[in-house]
Every structure is written in C-alpha cells, then in structure tokens.
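# Structural overview for review
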Amino acid sequence: MNRVTYFLALETSCDETAAAVFTDELQVLSSVVASQTDLHARFGGVVPEIASRAHLRSLLPVVDDALTRANIGLRDIGCVAVHNTPGLVGALLVGVSAAKALAFGLGIPLIAVNHVVSHIFACRLAAGRDIFPCVGLVVSGGHTALFRCDTALSLELLGGTRDDAAGEAFDKVAAILGLGFPGGPAVEREAAAGNPKAHDFPRSFIDDGRLEFSFSGLKTAVMYACHGQDVKRAAPPGPGQKRADLAASFQSAVVDVLAMKCKQALRKTGLTRLAVGGGVSANKPLRAALEAMCKKEGAELFIPPLSLCTDNAAMAALAVEKWKLGEFAPDDLDAEPNWL
Ligand code: KG4
Ligand code: ZN
C-alpha cells in the first residue's frame, strides 16, 4: 500500500506569514496565517523591511502551529513547498531560505510555486474536483490578470492591468476616504450604506474587447469627486452619506469592469468555467456579480471561501501537481520578485 506524502508549504510573499500541511491527495490538514496588518496600518500600506522582519519573527512559530494542528511532526513531512515568486523580494527570501533549510535538513524534495498561479489553484482546492480547463482571474493587491488555464500548471496570460491592480485601487481609495488599511474590506463595509449610482466613475476598456484593465484613472476620479480641485490641502471626508456614496460608486465601477472582462474572456476562449482568486475575490458584491454573469453565460463559477481568497499557504497545494511530474526546485532556488 502506498504511504501518504505530507507536504509543508510556506508563504511569505507580502504581509502574511503562512504555513500549511496537506497531503498528496490535496487534503488540507492545517492552514495557519499570521497577519501583519497591525504593523503596517499606521503607514497606510505594506512597508517591505517591516514585512521581512516580521516574517523572520513569525515563520517558525507559524510552522510549529501548522504541524501541531495537522497532528504530525517535522519528520513526517515528505516534501517542502514555497511561494518563491512574485512578491517583495526581502519577504520572499525569508520563506525561500527557510524552505531550503528544511528540505536540506530533512533530506526531502523542495518545490517552488508561483503565488499568482496558486491563487487560481485555491479554486481547485475548494472545489474538491477538477476545474480545468478554465478562465482564471487573479485579483489581488499586486495583480489583476486573466489567464487561459488548460491545466493547473499551463497558463496563458490573456491580459493584465496597465497600471494599478484592483486591490491596490481599493487600498488607495480607502486611503483617500480615510478608511484605513487594508482598504478592500473597509471600502466594502463603507459601500454597504452608499448609493452605487451616486457617481458615474470611469470603467476603463469596458466596451472594448481587449482583455486589459486600468484602475489608476478611477482612483484619480474618486480623489477629485472627494476633494474637488483642491487636493493638496484635502483632509479625508468624515463618516456620512458622501463617503459611503463614493465608496459604493467606486466599488461598483471595479465590479462592473471585472465582471465584464471575465465575460469577454469566457466568450473569446469558448471556455465554460471561470476560476477567481486573490484578495479582492473576497468582495461580496464582486462575487454576486460574477455569479449572475456566469449564470447568464451558462458558465460554471469557481470561487474559494474567504480564507482561501486572501494570502495563505494551503493554495500552494499546487505543488502536488509539480510533485507528480517530478518538477523539483534546484538547491540554489532564489526569490523572484517579478513574475513575467
Ligand atoms: O491576495 P492578497 O491577500 O495579497 C496579494 O497577493 O496581494 O490580496 C490583498 C488585496 C488587498 O489589496 C486588499 O485590500 C484586497 O485584496 N481585499 C479586498 C477585500 N479583501 C481583501 N478588496 C475588496 N474587497 C474585499 N473584501
Ligand atoms: Zn496573493
């Protein structure tokens, strides 16, 4: 009888220190995420050096916690996986160095996984069945991109953002509105009381067929709608209808664009499955819009539960696909901040 292989995966690409234990049959035994949000909040964004240092402090306790929750010891691990790209280079290096040391020390293979591709694999993990081929949309703080995914590992980029990522736009608009960091959940909460039709914000490329995104003009439009021309001396608006309307109108513009581009990608590729991942896919109005669009298009929507949308190490179970193919990382594996 074949013995089960246990994987330990590490994620340190940005501001979440995470470890997970899963099996070669994609059973997730534990997934631990230590968020650094409190450390970065007063700066209004992730400070790379602070992130790296926090990863250094948190990683081993997080690994211990993941092993304890999975009820196994380090010696039971048969393979180490790590997100080595893309991300903040100093932050990635912490995970990559730890993963290399663990693999070397335990004499077991190491597998390098792309964080963006893992966000799509989170859909496969959550579905518990095959989801390929599909259109993949990754909407996170650093990326907004559409892919044709023939398998978990063979992806073709259909288009990405020309400037800000969708999550970055949420974070910047949250800063303009004085809603704090991280911006996405704060804008979503604020938008709940607002009128999404109060402002007619731009929806870049919505009526043209190219599968590209642009969110920086939208962010600037929110800034002018908020402060008028006098942006230099602008203080964030206080709580009230004006702020809620700005948040709701902004969110509605992002949601409209993302849903439309997914629809165009489905039609262009002729595929009938859509898999969506990344922090922004936690947004409830976006999830509802994608559900409605897929229903109309006769497509199947795969979107993970919230815990698998934002950064985590369980989605690195993509490593199992590489393990089956014998795609192991070299001993001199490096952190790669850029993904293309
Ligand atoms: O995937 P993720 O956790 O990290 C990256 O790989 O970037 O995504 C983080 C991004 C942040 O920009 C955050 O504001 C956004 O996802 N986000 C949201 C929501 N939750 C997180 N954006 C909109 N609505 C949300 N509920
Ligand atoms: Zn991410």
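In this report, the structure presented in the accompanying data block is examined. Note that the coordinates shown come from a computational prediction; the quantities given were computed from them, not determined experimentally. (Residues numbered from 1 in each chain as written. Chains lettered and ligands numbered in written order. Predicted model: local features only at pLDDT ≥ 70, side-chain atom pairs only at ≥ 80, totals over all residues. Heavy atoms only, no water.)

## Comments concerning the overall build of the protein
Selection rule: Here a strand is any run of E in DSSP of at least two residues, a helix any run of H or I of at least four, and the numbering for each starts at the N terminus. Computation of the radius of gyration draws on C-alpha atoms, with the globule rule given as 2.2 Å multiplied by the number of residues to the power 0.38. Any residue under 20% of the maximum accessible area for its type is buried, any over 50% is exposed, and the rest in between are partly exposed; the area is computed with a 1.4 Å probe on protein chains only. Any two residues whose heavy atoms approach within 4.5 Å at even a single point are treated as in contact.
Within the protein, the regular secondary structure consists of eleven helices and ten strands. What you see for the protein is a C-alpha radius of gyration of 20 Å, in line with the 20 Å of a compact globule of 340 residues. By the burial criterion, 54% of the 340 residues in the protein qualify as buried. Within the protein, contacts between residues at least 6 apart in sequence are counted, and of these 72% link residues at least 24 apart.

## A few points about the site of ligand 1
Just so we agree on the cut-off: When at least one non-hydrogen atom of a residue lies within 4 Å of a molecule or strand, that residue is treated as near it. Two N or O atoms count as a polar contact when they lie within 3.5 Å, although within protein this holds only if one can serve as hydrogen donor and the other as acceptor, and sequence-adjacent residues are included solely when both atoms are side-chain atoms. Per-residue and other accessible areas follow the Shrake-Rupley method at a 1.4 Å probe size, with only the shown protein chains counted as cover for residues. Only Asp, Glu, Lys and Arg are considered charged, only Ala, Val, Leu, Ile, Met, Phe, Trp, Tyr, Cys and Pro nonpolar, and every remaining residue, Gly among them, polar.
By nearness alone, 19 residues border ligand 1, and Gly-141, Asp-171, Gly-184, Glu-188 and Gly-279 come closest of all. Residue His-115 places a side-chain N or O atom 3.2 Å away from an oxygen atom belonging to ligand 1. With respect to ligand 1, the side chain of Asp-171 contributes an N or O atom lying 2.7 Å from an oxygen atom. When isolated, ligand 1 has an accessible area of 550 Å², and the protein chains bury 88% of it. For the shell around ligand 1, the elements supplying multiple residues, two or more each, are helix H4 (115-127), helix H5 (166-176) and helix H6 (183-191). Top contributing element to the shell around ligand 1 by residue count: H6, with four residues. Considering only residue class, the shell around ligand 1 consists of four nonpolar, twelve polar and three charged.

## Let's talk about the pattern of salt bridges
To keep it simple, the criterion reads: Only one rule defines a salt bridge in this text: a Lys or Arg side-chain nitrogen within 4 Å of an Asp or Glu carboxyl oxygen.
With the rule as written, the count across this model stands at 14 salt bridges. Ionic pairing is found between Arg-129 and Glu-300, a salt bridge with its closest N-O pair at 2.5 Å. Pair noted here: Arg-129 is in the loop between H4 and strand S6 (134-139) and Glu-300 is in strand S10 (residues 300-302), with a separation of 171 residues, a long-range link. Note on Arg-129: relative accessible area 39%, which makes it partly exposed. Taking the relative accessible area as the measure of exposure, Glu-300 reaches 30% and is therefore partly exposed.

## Let's talk about the nonpolar core
General note: in soluble globular proteins, nonpolar side chains tend to be found buried as a group. Here is the rule: By nonpolar core we mean a set of buried residues, namely Ala, Val, Leu, Ile, Met, Phe, Trp, Tyr and Cys, connected to one another through side-chain atoms within 4.5 Å.
If you look at the biggest cluster of nonpolar residues, it comprises 47 residues, and the most contacted ones within it are Leu-177, Phe-215, Phe-250, Leu-274 and Leu-290. Of all the elements in the fold, those that place two or more residues in this core are S6, H5, H6, helix H7 (216-227), helix H8 (241-269), strand S9 (273-277) and helix H9 (284-297). Top element by residues in this core is H8. It accounts for 13 residues. Excluding residues that lie within four positions of it along the chain, Phe-250 makes contacts with Ala-169, Phe-170, Val-173, Val-187, Phe-201, Leu-218 and Val-222. With 36 residues, the next largest nonpolar core counts Ala-9, Val-117, Phe-121 and Leu-318 among its residues.

## As for the coordination of the zinc ion (ligand 2)
Just so we agree on the cut-off: Listed donors are limited to N, O and S atoms within 2.8 Å of the metal, widened to 3.2 Å for Na, K and Ca; water is not among them, so incomplete-looking sites are possible.
His-115 (NE2), His-119 (NE2) and Asp-311 (OD) make up the full set of protein donors to the zinc ion (ligand 2), lying at 2.0 to 2.1 Å. Taken in sequence order, the residues that donate to the zinc ion (ligand 2) follow the motif H-x3-H-x191-D. Highlighted residues: His-115 and His-119, both in helix H4, separated by four residues, approximately one helical turn. Exposure remark for His-115: the relative accessible area of 6% places this residue in the buried category. His-119 gets classed as buried once you look at its relative accessible area, which sits at 1%.

## Description of the packing of aromatic side chains
Stated precisely, the cut-off is as follows: Two rings from Phe, Tyr or Trp (for Trp, the six-membered ring) form a pair when their centres are within 6.5 Å of each other. A pair whose planes differ by under 30 degrees is stacked, one over 60 is edge-to-face, and the rest are tilted. Only when the NZ atom of a Lys or the CZ atom of an Arg is both within 6 Å of the ring centre and within 35 degrees of the ring normal do we say a charge sits over the ring.
Taken as a whole and judged by the stated rule, the model has four aromatic pairs. Consider the rings of Phe-7 and Trp-323, whose centres lie 5.5 Å apart with planes at 80 degrees: the pair is edge-to-face. Pair noted here: Phe-7 is in strand S1 (residues 6-11) and Trp-323 is in helix H11 (residues 318-325), with a separation of 316 residues, a long-range link. When the ring of Phe-170 is compared with that of Phe-250, the centres are 5.0 Å apart and the planes differ by 80 degrees; the resulting orientation is edge-to-face. Here Phe-250 lies in helix H8 and Phe-170 lies in helix H5, a separation of 80 residues in the sequence. Here Phe-170 matches Phe-250 in class, with each residue buried. One aromatic cluster is present, built from ring pairs that chain together Phe-7, Phe-22 and Trp-323. Over the ring of Phe-205 we find Arg-210, and its NZ or CZ is 4.1 Å from the ring centre.

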